[in-house]
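A structural walkthrough
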Amino acid sequence: MGCCDAPGLMPVETALDKILADVKPLSSVMTVALSDAMGRVLAEDILSPINVPPFANSAMDGYALRADDLKDSDTLVLSGKSFAGAPFEGVCEAGQCIRIMTGAQMPEGTDVVIMQEETEVEGDNVRFLIKPKAHDNVRPIGDDIHQGDTVIAKGTRITAREMPLLASLGIAEFTVFARPVAAFFSTGDELRPVGEPLAAGQIYDSNRYGIRALLEKFGCDVLDLGIIPDNPEKLRAAFKKATTEADVLVTSGGVSVGEADYTKDILEEQGEIGFWKIAMKPGKPFAFGTIDNTWFCGLPGNPVSAMLTLYQLVQPMLAQLSGHSQYQPPQRITAKATTLFKKRPGRTDFQRGIYQINPQGQLEVATTGNQGSGAFSSMHQANCFVVLEQERGRVSPGEDVTIELFNHSMY
Ligand code: AMP
Ligand code: MG
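The structure displayed is predicted, hence computed values, not measured ones.

Residues given the UniProt feature "domain: MoaB/Mog" (unreviewed entry) here are residues 183–320. Here residues 183–320 is 37% helix and 29% strand, with 17 Å between the C-alpha atoms at its ends.

Under the definition given, this model contains 16 salt bridges. The salt bridge involving Glu216 is made with Arg212; its shortest N-O contact spans 3.2 Å. Of this pair, Glu216 and Arg212 both sit in helix 3 (residues 207–217), separated by four residues, roughly a single helical turn. A residue is classified by how much of its surface remains accessible, and Glu216, at 40% relative accessible area, is partly exposed. What you see here is one network of salt bridges that share partners, running through Asp205, Arg208, Arg212, Glu216 and Asp224.

Attention now goes to unusual backbone geometry. The residue after Val52, namely Pro53, is reached through a cis peptide bond having omega -5°. Here Pro53 lies in the loop between strand 2 (46–47) and strand 3 (57–58). Following Lys281, the chain continues to Pro282 via a peptide bond in cis, the omega torsion being -10°. Mapped onto the elements of the fold, Pro282 is located in the loop between strand 19 (280–281) and strand 20 (287–291). Look at His135: it is not a glycine, yet its phi comes out positive at around 70°. Turning to its location among the elements, His135 is positioned in the loop between strand 9 (125–128) and strand 10 (138–139).

Looking now at the domain arrangement of the chain. Domain parsing of the chain yields domain 1 (3–28 + 179–321), domain 2 (43–52 + 145–177), domain 3 (57–139) and domain 4 (332–410). The straight-line distance from the C-alpha centre of domain 1 to that of domain 4 is 25 Å. Contacts between the two partners involve 23 residues from domain 1, matched on the other side by 25 residues from domain 4. For the domain 1 and domain 4 pair, buried surface summed over both sides reaches about 2000 Å², with 55% attributable to carbon and sulfur atoms. Taken together, the connections running from domain 1 to domain 4 amount to zero salt bridges. Where domain 1 meets domain 4, there are ten residue pairs in polar contact (both at pLDDT 80 or more). Considering each element in turn, the side of domain 1 that touches domain 4 owes the most residues, eight residues, to helix 6 (residues 303–321). Along the lines of polarity and charge, the residues of the side of domain 1 that touches domain 4 split into 15 nonpolar, four polar and four charged.

Reading the values: rules and limits
Residues numbered from 1 in each chain as written. Chains lettered and ligands numbered in written order. Predicted model: local features only at pLDDT ≥ 70, side-chain atom pairs only at ≥ 80, totals over all residues. Heavy atoms only, no water. UniProt positions renumbered as here; feature names shortened; annotations may be inferred. Helix = DSSP H or I, 4+ residues; strand = E, 2+ residues; numbered from the N terminus. Salt bridge = Lys/Arg side-chain N within 4 Å of Asp/Glu carboxyl O. Buried < 20%, exposed > 50% of the residue type's maximum accessible area, 1.4 Å probe, protein only. Domains from an automatic or database assignment. Contact = heavy atoms within 4.5 Å. Buried area = accessible area lost by both parts, 1.4 Å probe. Polar contact = N/O pair within 3.5 Å; in protein donor to acceptor, adjacent residues only side chain to side chain. Nonpolar A, V, L, I, M, F, W, Y, C, P; charged D, E, K, R; others polar.

And the structure:
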């Protein structure tokens, strides 16, 4: 058993349960216009003020008529037209039919539409080549949505699938939860911002770009506090700024047990540690706590660990904080391993994998290769995590494994 597989680490599920037990949704709500609502979380149930469609209409271009009129005859007299946006005003009497277009209102007296391909027209007479069944090609009033129905539940995040639905109800504005403000910074004397040359021993600060990208995808307003050196005074100042301005502080690095790892010490000094160190790989030294009214999430510095813990632990936490009660965790399914997955028992591994459906239609998954916690190219190559259970050892080709598909925030 190596240093990182020490017994007593908190299982990932326990860590997540603890986070979710503590975090309460932010209470402030605001009204937004539909056009500004993309990505926002609904703070109210949306009830439909209207029926959709609001009137019975035709699903085809053809002729509207009374089905009974074709029992003894196959020809009716063309008596008017009903176009989308220009309905037929009168009543369709016995023996008559009305030219109708897709989406046009069903004329009074008609109950069926026969598509134009099933007709022969001679002057004002239309001969019908088929006998219709009741309600053929008619979209009844309220076919999709009834007035008063709850159409979208409070706690739903508005996506491209909700925008047109809300518009179809004529809803111009509604209340949403305020977005959490998430401050973040990177720590480390070795870090340089992109755009500057590297001196000996330096690396680029890559984590801040992943953190920002994910926090924005999670629906936060972000506050980038830059790179903070491994200096307790500078770190204290950054903590101070974050706790006065943000609901959440996400830091990267400095939560291990190295001599320059001050982040956790300052959390201890200024706030409260909920827990530290999780039985996950990569990502063991994740720290969670509070400072005043700000939630603290201390990500490990290794780039894969930072992104993984942010995705696995902070994502559901922010969903809860955002009032996103309809949040669904990323989907897990079973796939057949086609390569070896090296693993030791003791922690839950989130290895980077590439899944595909093979020519036989089966789901299979291969490793991306190097699984080092600093090997970030594995995140780029992967399209899923291979979630290997805490007590499991190495996986041979042919074994079943659980894969977790990336959700929208990774794209
Ligand atoms: P730490 O957690 O601070 O001990 O850092 C662990 C490893 O991650 C070290 O190799 C760091 O150089 C590296 N690291 C820390 N922060 C970052 C960052 N923001 N971007 C890229 N690598 C980092
Ligand atoms: Mg460091």
